[in-house]
Amino acid sequence: MCGRFTLAGISTDQIRDLFLSEDVPELGDRYNIAPGQPVAAVRFNRETCKREIAPLLWGLVPSWSREPAGGRMINARAETVHQKPAYRGPFRYRRCIIPASGFYEWAGSGAERQPFYIRRKDGGLLAFAGLWDRWTSPDGSELETCAIITTEASPFMQQLHDRMPVILNPPDFDLWLDPEFTRVEALLPLLRPLEEDVLEFWPVSRTVNSPAADSAELIVPLR
């Protein structure tokens with residue numbers, strides 16, 4: 001699964017160049033992005049016909065949900081994302097990319113669970129495959145939320161966990177972000193584990209267990 005991630009040490013120019021989005025706001029460094037918090041997501045805006053960086057709450061609320069707190073789902077499984085009622089519509093029409101500089105995973109069990117920080121070896125951006133949806137309240141106010149798609153872990157990641165976020169490669173961005181492209185059979189092959197020899201990880205402090213913690217010290221290798 002993917003339950004915490006970072007977006008830090010990345011410039012607006014890097015985001016602009018990778019995702020070809022013209023208007024990139026100053027995002028600031030975040031070292032412990034947790035469910036229920038706002039995330040920056042790249043999506044295609046039908047009105048402007050351009051890619052944009054949109055603030056979405058992490059924890060998907062389906063458009064048909066009766067209450068916004070009724071079913072906030074942070075991860076969608078790649079194997080069933082095209083079948084589950086909460087994800088079928090967003091998978092066809094409302095896909096997004098969630099930029100990250102790294103993410104956390106926990107190994108072990110109980111009080112001995114050890115957090116690890118995972119990132120690209122070259123320190124570059126990760127592009128999580130995401131879904132978004134818009135829920136409208138009876139008074140007309142709107143809530144836009146998202147979920148990160150996970151897949152089976154690569155052999156490298158299996159050292160920590162049996163799941164990992166789907167990390168898209170740049171050649172797949174156009175297809176993934178195209179809201180007019182709805183062929184499920186062509187989209188599913190994109191939801192695969194990242195190739196080997198791209199990621200690295202190291203143990204970090206258990207301070208990251210608290211969503212309130214947010215500093216560069218969280219990703220410092222544990223001595």
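Below or above, wherever it landed, is the structure these notes cover. (Residues numbered from 1 in each chain as written. Predicted model: local features only at pLDDT ≥ 70, side-chain atom pairs only at ≥ 80, totals over all residues. Heavy atoms only, no water.)

### Regarding empty space enclosed by the protein
Alright, step 1. The full count for this structure, using the stated rule, is one cavity of 30 Å³ or more.
Alright, step 2. Each pocket or cavity is described by its volume, and for the largest cavity that value is around 40 Å³.
Alright, step 3. Contributing to the lining of the largest cavity are Ser154, Phe156, Met164, Leu194, Glu195, Glu196, Asp197, Val198 and Leu199.
Alright, step 4. Considered class by class, the residues forming the lining of the largest cavity number five nonpolar, one polar and three charged. (1 Å grid on protein atoms, 1.4 Å probe; cavity = no way out; pocket = protein on both sides within 12 Å on 5 of 7 lines; lining within 4 Å. Points joined across faces, edges and corners; volume = space filled by probe spheres on them. Nonpolar A, V, L, I, M, F, W, Y, C, P; charged D, E, K, R; others polar.)

### Section: helix α2 (residues 85-93)
Alright, step 1. Looking only at α2, the buried set comprises Ala86, Tyr87, Pro90 and Phe91. Axial view of α2: buried residues confined to an arc of 105 degrees, hence all on one face.
Alright, step 2. The elements touched by buried residues of α2 are β5 (75-77), β6 (95-100), β9 (126-136), α3 (173-177) and α4 (184-187). (Buried < 20%, exposed > 50% of the residue type's maximum accessible area, 1.4 Å probe, protein only. Helix = DSSP H or I, 4+ residues; strand = E, 2+ residues; numbered from the N terminus. Arc of directions from axis to C-beta. Contact = heavy atoms within 4.5 Å.)

### A few points about helix α1 (residues 12-19)
Alright, step 1. Buried within α1 are the following residues: Thr12, Ile15 and Phe19. One side of α1 holds all its buried residues, which, seen down the axis, span an arc of 65 degrees.
Alright, step 2. Where α1 is buried, its residues contact β3 (38-45), β4 (50-58), β6, β9 and α3.

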